[in-house]
Amino acid sequence: MNWYRRWPRWCKRVLAGLVAAQLVLVLAAAGYVWSVDLPPDPVPPQASVLYYRDGTTVLARFGPTDRTDVTIDKIPVDVRRAFIAAEDRGFYEHHGVSVRGLARALWSNIVSDSGEGASTITQQYVRNAYLTQERTVTRKAKEAALALKVESTFSKDEILRRYLNTIYFGRGAYGIEAAAQAFFGRSVDHLTGYQGSVLAAMVKDPTRGDPAVDPTWTLNRWKWIVRAMSDAGWLPPGAAEQTPYPDVAKESVTASTIGGPAGLITDRVEDELVAAGFSRQQVRTGGLRITTTLDATAQQAAVKSIAKALHGQPDELRSALVAIDPQDGGVRAYYGGDRGRGYFDDALAARPPASTFKPLVLAAAEEHDINYRSYYNGSSPRQFTDRGGAPLYNLDNMQCPVCPLDIAMVHSLNTPFYALAEQLGPVAIRKLARRLGIPEKYGDQTTMVDLKGELSPGRTRSDIAIGRYPVTPADLATVYATMAGGGNRADRHFVQSVTSAGGSVPYRHVVKRTRVLDGGVAADVGAVLAQVVEHDGAVPGVPAAAKTGSQQYGNTSDSSDAWTAGWAQGLAAVVWLGRDKPGPIRTKKGTAINGDGMPYEIFKSFLSGALSGQPARALASAAEVGQVRKDDLRTLEPGTEMAPGRMFPGPQKGDLVDKSLAVGSWDERVTRLTGALQKYAVSAPDFSVSVVDRKTGHTYDYRGDREFETASVVKLELLAALMLQVQDANRKLTTAEKKRVRKMIVASDNDAAVQVYDAIGGPDGLRDALQRLGLNDTEPDEQFGLSRTTAADQTRMVLALTGSGGPLTKASKDAILQLMSQVNADQTWGVSAASFSGEQTAQKNGWLSRSSESGKWIVNTTGRISGAKTDVAMSVLSHGNSDQPAGIAVVEQVAAMTRSYLGW
């Protein structure tokens, strides 16, 4: 104690004070624990009830649908260990409270109000059985006190039994026995430790933890738990890597669930309450009275309108509808699918919004003092700097050389709005979209930017003007609700208030409106979209504003996504129609579905029904923001007729083909075509063409065996070689490989092609694959695009994908052709010049500027043209072109001439 005597008096006093303070805290804590009584055993869980916004009409009831308590001896030891490994590895050593976790939780609440802090199994049981889920210091202190009481009252095994019998696992299963039945179709006493680890993974998040909802998240957490059990000596080393993931039922085998459109509404309500601090268990078992923002009349109108439109239509058609009150952000109607709880929600799936994004471009223009009556060049096609040389067309190649922006909006012309986006800068439009309601990210992916493999990865191009960047119907509804609300944004929400079983109100949504857009700009956009409604068809009894949009499916006349978005006073709505996986959407009669068709009919029917009985309210009058500008007209060709607003059709698909030339016998046609190509070759760069008509068996080639560098058309052979490698290994493409080959073919991404080239073994691997495919004229190069090939060999590649037999399986052929038919719009020139409306083109193009030839361009095209009476493989190769557009003109002219004379 000599060291203590040498201390200064003030140090001794400080130490004494600290000891005294610690004793006081310990005594106070002990007194608090003693003062807290352990409540009676918890009452059985009670279902919660969702009400429409009137607070009296029931929307849905949800909660525990299955519970059977079991004794601890019925739960296998390895199953118990899985939960201990996942939630509380020191369960049998501590006295109910994690001191370190409690301290961290208290500090987090005091400093950052984050609600962090690990809990023991005992604390979790106490929270679920006796307390609310509020994140406060008081609740955490009471939780710790009750945990100590529980530890002094019950044995560890009894606490674990109670805990496992009170957890909510998802699928309506409350407790370990119900969960075993719901996920594995067997009693808990027949579960293995690996199956128990699947259930233990769900404690953290009963919805996301369901393997049917997020299999990747669940698998990763399962492996983490199994590794922890291995570390503890409860499972063999390496079990997580060597043991296959247990088979889990795709759907609950015992519990009923909420079906129909109300099921997904229930999911969204639960997600919102979890974000507000409730646990899923409390939401489902706490007997809560939840008043939603949903309007019974509007919801009925949504369901009825969609059901009527889809009745008798192809099963693959999917639809979504989200309607929001612009004044408070409350969701008044919601339809993400009709299969019920836990299924895929189409209202939250990001899809290309197509022309429904053009109103945002107009709003951004007015923010830059450009009036909606300004004149822009609406000619088609037009070239723009950020499209890699690919021309941009208007729908049906409509022309409006001197086009007011409001007229361009009514007719949904692409070129004026693309020019406007290029003038403003696409980042300005992205920033506006963010202000109006599009989030910064979807998962880990930044929104409204090019993806890896596209022209400008991580950057926003003017393609944003024509809706190429995917957004969800729900977020687009927020955007339109913000414009409908005069530029005031309110957060989208489903819940008005929550009343507990005891009558208290632990949650009430507070509406916050933020000005994000000038009211005059919003009024002008509404006035222009009212013209769209006047053109496309009025909403019965309701003054409305709307914009339709259709996302083209590959190089076809079909759409993959069709939209209508708009508003009336007091209600904004977005309707989407498409498929689970992108593909052509058609009616039962085979007619293509576009935004101004079925989605617009749903929109009109919905608005009319949702606002039935309410007095018609006029939209805000135009404010005429900005100056009328004409700058873009300087891009018009000399001699253009300067007639404001004049619309007329431009050249159409197949216009280059002259059917009148296809007369006489096949041999006569061949002779005339050869003569025409020889005459054309005098003034054109070097080219070759090869054709096989699979309907008739006729073949034709002009210099078909002449060697040319492949450029990117060799990517077809790279993909075929990879598919052969996959077939030989008796496996499927991995997720990473699927993404890579899609970029390589659809977006013509060279980085992805290099990776594929390496994967197949470079030139030697490609050479082996070419021999198997019968492509003997193609010689691989270290740089894949410098490989040499012939038009005849490229046609043989297409035939290998369309004919029977050969080394490629039907599944491999179909996968390659599907990718070829989905090439980005800026890749669809070439072979398509020899096709007509109603025919489909599956193709691959390539181009390359050669420094060794003074910058001359190689431009190649290869593919298949198919239709009711057509099935042709065609390849056109060329080099020596002055630039890319000139090369495109050559290969398209050759393709069109070939069909003109041969007349397939």
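Values in this document were obtained by computation on a predicted structure and should not be read as measured data.

**Considerations on the sheet that holds strand β26 (residues 871-881)**
Then, in step 1: In space, the 5 strands of this open sheet follow the order β21-β20-β26-β25-β24, with antiparallel pairing throughout. At either margin of the open sheet sits one strand with a lone partner, and together these are β21 (699-702) and β24 (840-850). Taking each pair of neighbouring strands and ignoring which way they run, the sheet shows an average axis angle of 5 degrees.
Then, in step 2: As paired elements, strand β20 (residues 686-693) and β26 share 8 bridges and run antiparallel to each other. Residue pairing across strands places V689 opposite V876, the latter belonging to β26.
Then, in step 3: Here helix α22 (residues 666-681) sits on the sheet in contact with β20 and β21, set at roughly 20 degrees to β21.
Then, in step 4: Contacting β20, β25 (856-866) and β26, helix α27 (residues 791-802) crosses the sheet at an angle of about 150 degrees to β26.

**Looking at the side chain of K156**
Then, in step 1: Inspection of the secondary structure puts K156 in helix α7 (residues 156-166).
Then, in step 2: Here the side chain of K156 touches F91 through a polar contact of 2.5 Å, landing on its backbone oxygen.
Then, in step 3: Of note is the side chain of K156, whose polar atom sits 2.9 Å from the side chain of E151.
Then, in step 4: Residue contacts for K156: discarding those within four places in its chain leaves F91, Y92, H94, G96 and E151.

**Side note on the nonpolar core**
Then, in step 1: L273, I290, F357, L420, M483, L517 and W567 are the most contacted members of the largest nonpolar core, which totals 85 residues.
Then, in step 2: With 8 residues, helix α19 (residues 473-484) is the single largest residue contributor to this core.
Then, in step 3: Those residues within four positions of L517 in sequence are excluded, and the remaining contacts are A363, E367, L432, R435, L436, M483, G486, G487 and A522.
Then, in step 4: With 52 residues, the next largest nonpolar core counts V70, I72, V198 and L235 among its residues.

**A word on unusual backbone geometry**
Then, in step 1: Cis peptide bonds are those with omega within 30 degrees of zero, and the linkage from S380 to P381 qualifies with 0 degrees.
Then, in step 2: Here P381 is to be found in the loop between β8 (375-378) and β9 (398-404).
Then, in step 3: Phi angles above zero are rare outside glycine, and S412 is one such case at about 55 degrees.
Then, in step 4: Note on placement: S412 falls in the loop between α16 (405-410) and α17 (414-424).
Then, in step 5: Unusually for a residue other than glycine, A711 sits at a positive phi of about 55 degrees.
Then, in step 6: In this fold, A711 is placed in the loop between β22 (708-709) and α23 (715-728).

**Quick notes on the sheet that holds strand β17 (residues 559-568)**
Then, in step 1: With antiparallel pairing, the 5 strands of this open sheet are ordered in space as β7-β6-β18-β17-β16. The two strands at the open ends of the sheet, each matched to only one other strand, are β7 (331-335) and β16 (544-552). Going from strand to strand, the sheet's axes swing by 10 degrees on average, the running direction of each strand aside.
Then, in step 2: Pairing of strand β6 (residues 318-324) with β7, which is carried by 4 bridges, proceeds in the antiparallel orientation. Its bridge partner being in β7, A323 is matched across the sheet by A333.

The rules behind these values
Residues numbered from 1 in each chain as written. Predicted model: local features only at pLDDT ≥ 70, side-chain atom pairs only at ≥ 80, totals over all residues. Heavy atoms only, no water. Pairing = 2+ DSSP bridges. Helix = DSSP H or I, 4+ residues; strand = E, 2+ residues; numbered from the N terminus. Axes fitted to C-alpha atoms, helices over the stretch in contact; angles between N-to-C directions. Contact = heavy atoms within 4.5 Å. Polar contact = N/O pair within 3.5 Å; in protein donor to acceptor, adjacent residues only side chain to side chain. Core = buried A, V, L, I, M, F, W, Y, C linked by side-chain atoms within 4.5 Å. Buried < 20%, exposed > 50% of the residue type's maximum accessible area, 1.4 Å probe, protein only.

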